[in-house]
Amino acid sequence: MNLYNIKHPEEQVNFAQAVRQGLGKDQGLFFPQQIPQLTHIEDLLALPLVERSQKILAALIGEEIPTDRLNAMVKNAFTFPAPLAQVSDNIFALELFHGPTLAFKDFGGRFMAQALAAVRGDGKITILTATSGDTGAAVAHAFYGLENINVVILYPKGKISPLQEKLFCTLGGNIRTVAIEADFDACQALVKQAFDDAELRDAIGLNSANSINISRLLAQVCYYFEAVAQLPADKRQEVVVSVPSGNFGNLTAGLIAKTLGLPIKRFIASTNANDTVPRYLRSGEWSPNATVATLSNAMDVSRPNNWPRVEELFKRNGWALSELGSGALNDAETETALKAQYAEGYLCEPHGSIAYQLLHDQLQSGETGIFLCTAHPAKFKESVERILEIELPLPEALGKHNKLPLLSEVMANDFSQLKAYLLK
Ligand SMILES: *Cc1c(COP(=O)(O)O)cnc(C)c1O
């Protein structure tokens, strides 16, 4: 697989380099030079998730990773299903939250971990990341148990929910967690300082495993095929997919699936009040506002860093950006949507509800709609319980960790201490 840096097309790398490096020069995003056109889509759709995903990823990545190895990576990463639930006559929910940390990021995160393990070479690798909660859990679970990869996760002591802390600070093994006596920004600053320290970087093979790694997107392509595969045959003709969007990685993956030949008529980019993209699509002006906090906080992003990849795909495919649907809901509208869904018999959470409502409003007759459910309702327990006036049981995945002791170290906000700890 050959990729280029969107900002500096002369910088070209293979899959292994793109996975190891994450970003190109000037923070440019890597993008595949070619996306093949798959044939026999119907046959592909008839396969089970893992087998089909092995074929899709082999077509994308090519011969760089031997087939047996790639097959094992997919099998190890995709250990949970992505069921499609019918919500109304022509609207379906793709549930992407059945993984270990109950959010769709498990798909991309787990495959990225497998990919990094496959292309790491001989050197040591230390994944260092700061988290305000969710990403830490996804990274920890994705890398847990992988040989020769150490993971260190920093988080602000006392500033993440106790349940979140239990989810990733109880694993042990190759996962080390450090509660820093400061806020999240300080944790991020410590990570940055570590990456700026060339001696440390080389000594322990620092890697950020960041969210724009191309391997994540490739993995996410697979569940769009899984969604269409589960639709009744008579509903596959005019499929519209609504994607709750923050950094727009998820939408990029959907567009790659369409480029591969998956029959999707159009997409809807659904956001909360952080609506840079819907405003841009209406006015042609890119003018991010200050980020505001919302109920759907994983989408509180006003400068979505995957947007250049979306534009690149539209340009290369000769699609007009005006064909991309979009919309934004504020918190009050999100609450109304969550209640409406619940009244229809489907329990959701704020991110999925936004995607549902915009799909519901924009779907035309004869079309079939799919919205992505990016998180388990229990991940947003407090808002869901308050809005719906119900009580949610703790899902088993969370309950299990809740009983285990915390293994985190506590550390002052002091780089020299962190450095000594990392070198130990
Ligand atoms: C990360 C996240 C999103 C946004 O996905 P992007 O790929 O960044 O657009 C939506 N919902 C949930 C629950 C998330 O965790």
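All residue numbers here refer to positions counted from 1 along the written sequence of the relevant chain. Totals for whole chains, interfaces and linings use every residue, but because this is a predicted model, local features are given only for residues with pLDDT of at least 70 and side-chain atom pairs only at 80 or more, for both listing and counting. As a rule here, side-chain values cover all heavy atoms of the structure and leave hydrogens and water aside.

In the nomenclature of an unreviewed UniProt entry, the chain is known as Threonine synthase of Muribacter muris. UniProt positions are given in the numbering used here, feature names are shortened, and annotations may be inferred rather than shown by experiment. Turning to the chain, the UniProt record has this under Pathway (unreviewed entry): "Amino-acid biosynthesis; L-threonine biosynthesis; L-threonine from L-aspartate: step 5/5." In UniProt, the chain has this text filed under Sequence similarities (unreviewed entry): "Belongs to the threonine synthase family."

Caption draft 1: Examining the sheet that holds strand β7 (residues 149-156) more closely. Strands are labelled as partners when DSSP assigns at least two bridges between them. Counting from the N terminus, the helices are DSSP H or I runs at least four residues long and the strands are E runs at least two residues long. Taken in spatial order, the 5 strands of this open sheet run β9-β6-β7-β8-β14, and their pairing is parallel. A single partner strand is all that each edge strand has here, and the edge strands are β9 (206-207) and β14 (409-411). We call two residues in contact whenever any of their non-hydrogen atoms come within 4.5 Å of each other. Fitted lines through C-alpha atoms serve as axes, helices being fitted only where they are in contact, and the angles separating the N-to-C directions of these axes extend from 0 to 180 degrees. Most of the contacts of helix α8 (residues 184-196) go to strand β6 (residues 125-130), to which it runs at about 150°, and overall it touches β6, β7, β8 (175-180) and β9. Contacts from helix α18 (residues 415-423) reach β6, β7, β8 and β14, with the element oriented near 150° to β14.

Caption draft 2: Representation of empty space enclosed by the protein in the model. Computed over the protein atoms alone on a 1 Å grid, cavities are sets of points where a 1.4 Å probe fits but cannot get out and pockets are open sets with protein on both sides within 12 Å along at least five of seven lines; a residue lines them when it has an atom within 4 Å of a point. Grid points are joined across faces, edges and corners, and a volume is the space filled by probe spheres set on the points. In total, this model carries 1 cavity of 30 Å³ or more according to the counting rule given. Considered as a void within the structure, the largest cavity measures approximately 30 Å³ in volume. Contributing to the lining of the largest cavity are Ser-245, Gly-246, Phe-248, Thr-271, Asn-274, Thr-276, Val-277, Met-299, Val-301 and Pro-304. Under this grouping Gly is polar, as are all residues other than the nonpolar Ala, Val, Leu, Ile, Met, Phe, Trp, Tyr, Cys and Pro and the charged Asp, Glu, Lys and Arg. Here the residues of the lining of the largest cavity are counted per class, giving 5 nonpolar, 5 polar and no charged.

Caption draft 3: Expanded view of the site of the ligand. Residues are classed as near a molecule or strand on a simple rule: at least one heavy atom within 4 Å of it. Near the ligand, the surroundings consist of 14 residues, among which Lys-105, Gly-246, Asn-247, Phe-248 and Thr-374 are the closest. In this description, accessible areas are obtained by the Shrake-Rupley approach with a 1.4 Å probe, and a residue is regarded as covered only by the protein chains that are shown. Surface burial for the ligand is 93%, taken as the share of its 380 Å² of free accessible area covered by protein chains. Classifying every residue of the shell around the ligand gives 6 nonpolar, 7 polar and 1 charged.

Caption draft 4: A look at helix α13 (residues 307-317). Categorising residues by exposure relies on relative accessible area from a 1.4 Å probe, with only protein chains included: less than 20% of the type maximum marks a residue as buried, more than 50% marks it as exposed, and the intermediate range marks it as partly exposed. Within α13 the residues assigned to the buried category are Trp-307, Arg-309, Val-310, Glu-312, Leu-313 and Phe-314. Elements that come into contact with the buried residues of α13 comprise β1 (2-5), β3 (30-32), α10 (214-230), α11 (249-260) and α12 (276-283). Just downstream of α13 lies Gly-318, where phi reads positive at about 70°.

Caption draft 5: Representation of the sheet that holds strand β11 (residues 266-271) within the structure. A sheet is described by the order of its strands in space; here 6 strands give the open sequence β4-β5-β13-β10-β11-β12, paired in mixed fashion. On the outer flanks of this sheet lie β4 (84-88) and β12 (325-328), each paired with one strand and no other. Averaged over all adjacent pairs, the angle separating strand axes in this sheet is 25°, with direction ignored. The pairing of β4 with strand β5 (residues 91-95) spans 4 bridges and is antiparallel. Opposite Ser-88, over in β5, you have Ile-91 as the bridge partner. Against the sheet, α10 makes contact with β4, β5, β10 (239-244), β11 and β13 (368-373), and its axis sits at roughly 135° relative to β13, the strand it touches most.

Caption draft 6: Spotlight on the side chain of Asn-274. With respect to the secondary-structure elements, Asn-274 resides in the loop between β11 and α12. At 2.9 Å, the side chain of Asn-274 and the backbone nitrogen of Val-292 are in polar contact. For this analysis, a polar contact is any N or O atom pair within 3.5 Å, provided that within protein one partner can donate a hydrogen and the other can accept it, and provided that sequence-adjacent residues contribute only side-chain to side-chain pairs. Of note is the side chain of Asn-274, whose polar atom sits 3.3 Å from the side chain of Asp-300. Beyond its immediate stretch of four places on either side in the chain, Asn-274 contacts Ala-290, Thr-291, Val-292, Thr-294, Met-299, Asp-300, Val-301 and Ser-302.

Caption draft 7: Expanded view of helix α16 (residues 381-388). Inspection of α16 places Ser-383, Val-384, Glu-385, Ile-387 and Leu-388 among the buried residues, and these make up the whole buried set. The inward-facing, buried residues of α16 abut α14 (331-343) and α15 (350-362).

Caption draft 8: Summary view of the packing of α14 against α16. One way to put it is that α14 packs onto α16 with a least axis distance of 10 Å and a crossing angle of 70°. Relative to α16, the element α14 is oriented roughly perpendicular. Contacts from Glu-335, Leu-338, Lys-339 and Tyr-342 in α14 reach Val-384, Arg-386, Ile-387 and Leu-388 in α16. Convention used here: angles under 35 degrees read as roughly parallel, angles over 145 as roughly antiparallel, angles from 65 to 115 as roughly perpendicular, and any remaining angle as oblique.

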